[in-house]
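Letter by letter, the chains look like this.
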Amino acid sequence: MRSMTYVWWREILRVILTLATAFLIGAMIMWLSGKNVLMAYKILFLAAFGSSSAIADTLLAATPLIFTGLATAVAFRAGVFNVGVEGSLYLGAFAGAWVGFTLKALPGPLIIALALLAASLVGGFWALIPGYLKARLRMDEIVTTIMLNYVAIYFTSYLVNYPFSVPGLANAMSPVIASSAIMPRLMPPSQLNFSFILALLAVITVAIFFNRTSLGYALRIYGANPLFARWSGIPSSEVILKAMMISGALGGLAGAGQVLGVNYRFIANFSPGYGFDGITIALLGANSPWGVLFGALLFGALRSGGSTLELMMDVPLELIRILEATIIFFVTAQFTLKWINRRRMKALPTS
Amino acid sequence: METFVNICFSTLRMATPLIFAAIGGVFSQQVGLINIALEGLMLIGAFTTVLGAFYLNSALWGVLMGIIAAMLLALIFAFFVIRLRANLIVVGLAVNLLALGLTKYLLQVLFATRGAFAPKNLPNLPPIDIPVLSAIPILGDIFSGHSFLVYLSWLFIFLTPIFLYRTVNGLHIRAVGENPNAAESVGIPVKRVQYWVLVLSGAFCGLAGAQLSLGNLQLFYQNMTNGRGFMALAAVYFGQGRPLPSALACLLFGFFDAVQIRLQTTIGIPPQLTQMLPYLIIVITLALISLRYVRQRS
Amino acid sequence: MSYLEMRGITKRFPGVLADDAVNFSVEQGEIHALVGENGAGKTTLMRILYGMETADEGVIILRGKQVQIPNPKAAIALGIGMVHQHFQLIPSLTVAENVVLNLEPRRGGFFIKKAAVRTVRELSERFGLNIDPLAHITELSVGEQQRVEILKLLYRKAELIILDEPTAVLTPQETHDLFEVLRRFKAEGRTIIFITHKLGEVLEISQRVTVLRRGRVSGVLETANTNEIELVQLMVGHEIIPTIKEQIAQASQEVVLAVDNLEVEDDRGFKAVDGVSFEVRRGEIVGIAGVEGNGQRELIEALAGLRSVSHGTIRLDGVDITYVPNRARRENGLAVIPADRSVEGLSLSSTIAENLISTRYYCSPYSRRGFLNLSLINSYAYNLIKRFDIRTNSPGFPAGILSGGNLQRVVVARELASMPRILIAAHPTRGLDVSGTNAVHQEMLKFRHEGLGILLVSADLEEILSLSDRILVMYRGKIVGDVKPSETNQVKLGILMAGITQIQEGSRQ
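Basis of the calculations
- Residues numbered from 1 in each chain as written.
- Chains lettered and ligands numbered in written order.
- Predicted model: local features only at pLDDT ≥ 70, side-chain atom pairs only at ≥ 80, totals over all residues.
- Helix = DSSP H or I, 4+ residues; strand = E, 2+ residues; numbered from the N terminus.
- Rg over C-alpha atoms; globule rule 2.2 N^0.38 Å.
- Buried ≥ 20, exposed ≤ 12 C-beta atoms within 10 Å, placed from the backbone.
- Contact = placed C-beta atoms within 7 Å.
- Nonpolar A, V, L, I, M, F, W, Y, C, P; charged D, E, K, R; others polar.
- Pairing = 2+ DSSP bridges.
- Axes fitted to C-alpha atoms, helices over the stretch in contact; angles between N-to-C directions.
- Expected span 1.5 Å × (residues − 1).

Draft legend 1. Quick peek at the overall build of chain A. Assigned secondary structure in chain A consists of 14 helices and zero strands. Reading the secondary structure of chain A in the N-to-C direction produces α-α-α-α-α-α-α-α-α-α-α-α-α-α. Expected size for 351 residues packed as a compact globule is a radius of gyration near 20 Å; at 21 Å, chain A falls within 12% of this value. Its C-alpha atoms put chain A at 80 × 60 × 30 Å along the principal axes.

Below is the structure:
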């Protein structure tokens, strides 16, 4: 009987190797640009973790990433390539903002609750469109979700440029939400807010969902082996649709978190690609909620530390993006597989 | 009438990057690999073209650099997907991300700018006046006076089907795309063919980027492609992987691109809605195609 | 000196000795049939000849010289061609393009279509293959597609032609046409090796026949001097397996599964199940014997609710379930052991417990209000592990670590634990060793005693004979025999499975 620990070890090794490679490549790029690599990484680390305010900023940056990472992971686990989390994020953000600036008369906590509810419903239903197309029409979800992202981004931009625009403002943004609806801060003066707690709750909820609910079980089994799921009677359409709904809802919450906690209004094109980062994070975290948390914290650290690095050493934040891309490349590559296979081959008796 | 002529002229210019990228996409499709990375490849091409033109003081060299850069990125893409068997879609997205990050980074590091890089005296692609054609009223104004890349793209629209359907290599590409096992069984080196095609699609995307940055605007600004690579991909889906219909779809999208600014000012349709339109139409059409396919089977 | 001689060929796969010191020879210009049951080693032997496998021991001597055949390219270069059971054609290309692929007539980089079409047309006419070079593969029937494969080999100048179960996918008329073609080849001096399990065809077309059984040559005969019975005897051996089930009173008369005039299409749209009717009663094991590929897969999928039915009905305890989805059928007492255990019957990356609960996870008490009762599921798993003797320390391990026999125990455990009324078991002991096979059989008999009705689909005649109360034989989508095990034996079943419906002593079909 082969050992269980073998499997774990391999996954962790893969993550470590991937990160090491990414940092190496980042180092090379910085060196080529004439920057002091060691100092750069030291600043990066300190800016991310060096003080309590640094940590607060890291957690703040991680908040939307936790949501989008979870959103993507839920879909991926079910075998659905949902690249449309960005779209759910935008629509969810707008829905949350709308509640925030329309239902001003209600008590603060109620507005927040309704805003979150609206965000998850809107984000969820948005994701149902490609989900339905996949479940019923067998339509490939990748191109659909990518296209729909653009639709969502432009549509919400339209909304704040026209029907919901604020007269007199140069930038495209919605009215401000009710001041009572602003998410309470956790560690002022940082903008770290209650959304982070919600994000942590989401991690726990998704973990419980995957491991302890019947739907979560069905989703995992279907993602692991769709044929087996069919032969066991698990209804595949249902699984796909529900997975997408949950995925979209989480994406919507990511957007609402930003609106209620950071921007206090909906700003057109506000997302620097949180949805797409979700993909990287989900992959890095092997689609598990705790892995996603780890990945989100890592990227949050990179982002927040990265902006300080930019300020202090004139290293553009885009380096982080390059690191992220490198991570994706290596995370899905199958090196380790080949290396281990070659060793196994040698161990077999020759026939 | 003048507006009509202007719109047609713009359409042709705006469609060219889409056409080049779509041709790259068509080749990838024919060899059986969905090329999600058209966007990133085009972006790198756009950037490097301007970079090359600036440093080497020649538009032509700029275009050449753009092509080479895109081909290199495509090589990396191909390496991870074919040799290391990484997931095609995921790596494609990573290529886009890499291109975005790299171009923004270099923009900042080399030219200390976040937005646009528009050097004065940047060598541009000279508009070419076609002798007899330019004399004809209306038609002349629409079809003459484009950069050579625009005309090159038309040439490729013509050459691509010939290559795919009349040459031996084209036959091999189509065989590999449809049934790699069968191709392998007659001795066609499937992986090698796929490598070549991906690198070739990189070259086309390089040309696409060149027209986008140097040809249309004589500058580069961050995230210049803004989804055009995906539009080209959608055009490929529209045309079901065939060169001519895909090119026509590109023309349509180029039209929307050219027209949206005018729609805002003249009819007053919000630009975001017109910008949104191509993507929406794509989703709807693809859905209709899938619907018909499913109906046929039952 | 023979045209081809394969001497002492031995090939081992993990756990199985496919070919055991096989000596196989073929004369020039003869049509030589190679027969044997599933797993007898015929396909492996030919794959070695065609370079798709390499023998562990033995030599190949072709035209008097010893040759190495490391890959198909080498085989083709030596003039060997093979038509596989699964065609290797490119659907949207034309016949001519498929035939000349990678050996195209060219000028510069251009493909000279005209020359290709002309060459293919000439070949087609010369050998009576009757194929339009300009047709697209999608427009062709299965028989025609096969002829395109043959054209491919002729174009590459094959002298020795191997056909692997060529008539498995053909109608009788197409088979007749194929035989005409083969006779033409013979007339031209080409040599043909013909793998089949259909003995009537062996007698019709071949000059000599080699029979393999369990990886060994059990006989090489002149076709003219033999008959089906002798061939079947060589194929299946002479033993009569004692039935291991007890002689209980007849099964009750209560019908638990009734299939009436069922028609099911395969993926290509052809009728795989062609008007099948039968009943299974409580406490009865009905065995369906037949060589794989005669419609069993489609029948099982239709019974499981995973493939749509084009005609006919399926009734479970009198209730019409023809259009009911799989889960509802299971809730009504249906259980299935799928043919492909690692792909259909299990999720190897999931835990053993997860595999055991896949059909019941959503039911109370395993699940309440959407939440799983993990401790109950765990104890349920332990329970099943003990009851069905699954060799593992914990149900928390991924199923992939288990051996074949244990994997099947998991499948059996899951399916039987739900106390079904009817169990459909598809090749339940395939690939299992003696103890594994025994374990599955014991469970099935135990449950039969409790009143479970079982439909056993298998190509293993020993299994069918020893377990079934009644045996149906399936051939080309139809039931061609309905006998009691006491009235038949392996030889007779083998004959029915080979499609021979009437035997008169000493005559040929």
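Draft legend 2. Structural view of the overall build of chain C. Of the regular secondary structure elements, chain C holds 17 helices and 24 strands. A globule of 509 residues ought to have a C-alpha radius of gyration of about 23 Å, and chain C, at 25 Å, matches this closely. Residues counted as buried form 48% of the 509 residues belonging to chain C. Contacts in chain C between residues at least 24 apart in sequence constitute 68% of all its contacts with a sequence separation of at least 6.

Draft legend 3. Local environment of the interface of chain A and chain B. Taken residue by residue, the interface counts 36 residues in chain A and 38 residues in chain B. Counting only elements with at least two residues in the side of chain A that touches chain B, the list comes to α5 (108-137), α6 (141-161), α11 (274-284) and α13 (318-332) of chain A. The biggest single contributor to the side of chain A that touches chain B is α6(A), with 13 residues. Partitioned by chemical class, the residues of the side of chain A that touches chain B number 26 nonpolar, six polar and four charged.

Draft legend 4. Focus on unusual backbone geometry. The amide bond that connects Pro188(A) to the next residue, Pro189(A), takes the cis arrangement and shows omega of 5°. Mapping Pro189(A) onto the fold places it in the loop between α6 and α7 (194-212). The amide bond that connects Ser364(C) to the next residue, Pro365(C), takes the cis arrangement and shows omega of 5°. Mapped onto the secondary structure, Pro365(C) falls in the loop between α12 (352-356) and β19 (367-368). Despite not being glycine, Asn223(B) shows a phi value in the positive range, around 55°. Its place among the elements puts Asn223(B) in the loop between β2 (220-221) and α11 (228-238).

Draft legend 5. Structural context of the sheet that holds strand β24 (residues 478-483) of chain C. Residue and element names in this part refer to chain C. If you walk across this open sheet you meet the six strands as β18-β21-β22-β15-β23-β24, and the pairing is mixed. Since the sheet does not close on itself, it has two edges, and those belong to β18 (334-337) and β24, each with one partner. Pairwise comparison of adjacent strand axes, ignoring direction, gives a mean angle of 20° for this sheet. With four bridges joining them, β18 and strand β21 (residues 422-426) adopt parallel strand pairing. Opposite Leu-334, over in β21, you have Ile-422 as the bridge partner.

Draft legend 6. Seen up close, helix α10 (residues 236-263) of chain A. Residue and element names in this part refer to chain A. Compared with an ideal rise of 1.5 Å per residue, which puts 28 residues at 40 Å, α10 spans 39 Å between its outermost C-alpha atoms and is within 8% of the ideal. Counting buried positions along α10 yields 22 of 28 residues, so the element is predominantly enclosed. Following α10 by one or two positions, Tyr-264 has its phi on the positive side, about 65°.

Draft legend 7. Main features of the interface of chain A and chain C. Counting residues at the interface gives 19 residues for chain A, matched by 28 residues for chain C. Among the elements that make up the side of chain A that touches chain C, the one with the highest residue count is helix α8 (residues 214-224) of chain A (five residues). Classifying every residue of the side of chain A that touches chain C gives 10 nonpolar, six polar and three charged.

Draft legend 8. Spatial organisation of the sheet that holds strand β17 (residues 319-320) of chain C. All names here are of chain C. What the four strands build is an open sheet, ordered β14-β13-β16-β17; its pairing is antiparallel. This sheet does not close on itself; its edge strands, each paired only once, are β14 (271-281) and β17. The pairing of strand β13 (residues 255-265) with strand β16 (residues 309-316) spans six bridges and is classified as antiparallel. Residue pairing in the sheet places Val-259 in a bridge with Ile-314 of β16. Taken strand by strand, helix α9 (residues 296-304) contacts β13, β14 and β16, and its axis lies near 60° from that of β14.

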